[in-house]
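If you want the building blocks of each chain, they are given just below.
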Amino acid sequence: KTKERNVLPLLKERLPKHHFELLTMAGELGNKLNVAVYVVGGFVRDLLLGRKNLDLDLVVEGDGIAFAKKLAHRLGGRVRQHTKFKTAIIIYTNAAGEEERLDVATARLEYYEQPASLPTVELSSIKMDLYRRDFTINALAIQLSHDKFGKLIDFFGAQKDIRDKLIRVLHSLSFVEDPTRILRAIRFETRFEFTIGPQTTKLIKNALQLKLVTKLSGSRVLHELQAIFNEVSPYQSLARMQEFGALEAIHPALTLSPTKSKILKEVEKVVEWYRMLYTQPSPEPWVIYLLGLTSASKAEEVEEVLERLHFTPKQYNDFMSLRETVKTVANTLGKVRPDAYSHLYNLLVSIPLEGVLYMMARTKSETIKKNISHFLAYLRTTTLDITGADLQLLGFAPGPIFGEVLRKTLWAKLDEKVKTRQEQLDFAYRMLKARQ
Ligand code: CTP
């Protein structure tokens, strides 16, 4: 019915030369070994959507591990294999000297018993492989081998769903098989500005009624939440989770209130602002969002949430103490004298970046916002131009006093009382001399 589509022109136009050649090479190897090879999943989806994605996932109809070893050899790379799942990761260094990874999976041949006395049918294994996936838009493949390089494989109407901007599951048991797909559906809906289809919406509601999200393991929920918080607009996904009752299903304390929503929208703005300005160090957004989501809760309730999310003891301690720190320091930040940057520095320097950004999101004071911004832009990276070795050259004996003097010299530099290296030396010299 549907016209066969070849996306070779699209691949040529959109892919860097290296990635195009890699796909060509995989196809040629498939021909030589007489196994069909496909590139599948998110890469194909994003190609059709015109979004950048260079994560290549290959599926081989045949021995995927043997294929991966041969391809790795041609690329001068190595293979990490998972025999049980018949998958492999090829790790190699590209022409630019960067390490790249390439996933290779095996599409198993499956035999389906037919009712009555009909013969058992063998389904094309790529079709079965794709059928097991989460949503139609992720169940696309491009054939690379057997003179069909670039042939788009769309068994389940993914192209139509992309046109209609729909997230749809492939079969009615999809969320029962894997309830994390509920959160994935919401995440993709937000990311692509798609809508979850009506039947799929019913299946999500049904799965929530069956308490499938409540029963999910903490680490799987945390992993999906982290993925949501790493996206550009997490708040929209949170609001959608609330609509479905999915936040409540994880833990009632996570439910949104108007106040919490306001806080989370601010968090989103601050995270976006930070990402625009700085690439390093990068915060863990999930920590900031979780501070916001639990902002209305008492400590005992937060403890329950963290247990629900299967926090490790270290994650647990870090989070609870960050929560406390943020509360205390936020109160002091308003009292920093405008000329006392060293004071501001000392308040913020030992707080994890996530806490600093959270305070920025929470404060209503423009002065505090400005202070935090100044800390991030300037203070936190300020270093001295002298070291202990310089103090030794001035004739002083090293000891704990060096640490103290250097620290105070740094504060003087932050407060712009000393600027040049010479001024710093003089400052430290006077302090050491006075202590002798
Ligand atoms: N998948 C699935 N069910 C899940 C998770 C993943 O069926 N619970 C399938 C999807 O079809 C997906 C593939 O496994 O295409 C790989 O998943 P993932 O690594 O999450 O990749 P992407 O779909 O590319 O998502 P992203 O763009 O966020 O990386």
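This text follows the structure it describes.
Residues numbered from 1 in each chain as written. Predicted model: local features only at pLDDT ≥ 70, side-chain atom pairs only at ≥ 80, totals over all residues. Heavy atoms only, no water.

The next thing to look at is the site of the ligand. R45, D134, D178, R184 and R191 are the nearest of the 13 residues found near the ligand. Within the contact set of the ligand, an oxygen atom lies 3.0 Å away from a side-chain nitrogen or oxygen of R181. Measuring from an oxygen atom of the ligand, one finds a side-chain N or O atom of R184 at 2.9 Å. Considered on its own, the ligand offers 580 Å² of accessible surface; in the complex 68% of this is hidden by protein. Taken atom by atom, the bulk of the ligand overlaps the largest pocket. Of all the elements in the fold, those that place two or more residues in the shell around the ligand are α3 (42-49) and α8 (180-192). Looking at which element gives the most residues to the shell around the ligand, the answer is α8, with six residues. (Near = heavy atom within 4 Å. Polar contact = N/O pair within 3.5 Å; in protein donor to acceptor, adjacent residues only side chain to side chain. Areas by Shrake-Rupley, 256 points an atom, 1.4 Å probe, with all protein chains shown as cover. 1 Å grid on protein atoms, 1.4 Å probe; cavity = no way out; pocket = protein on both sides within 12 Å on 5 of 7 lines; lining within 4 Å. Sits in = over half its atoms within 2 Å of the grid points. Helix = DSSP H or I, 4+ residues; strand = E, 2+ residues; numbered from the N terminus.)

Along the chain, S350 turns up in the loop between α17 (341-348) and α18 (353-362). Since its relative accessible area comes to 65%, S350 is described here as exposed. Each C-alpha atom, one on S350 and one on R380, is 9.9 Å from the other, the two residues being 30 residues apart in sequence. (Buried < 20%, exposed > 50% of the residue type's maximum accessible area, 1.4 Å probe, protein only.)

Across the seven residues that make up strand β4 (residues 87-93), a large majority, five, are buried. Sheet topology places strand β3 (residues 78-82) next to β4; five bridges connect them, and they run antiparallel. In the strand pairing of β4, H82 is matched with T87. Linking β3 back to β4 in an antiparallel pair, the connection comprises four residues, with K86 at a positive phi of about 55°. Of the pairings in the sheet, the one linking β4 to strand β5 (residues 99-106) comprises six bridges and is antiparallel in character. Counted as the bridge partner of I91 is R101 from β5. (Pairing = 2+ DSSP bridges.)

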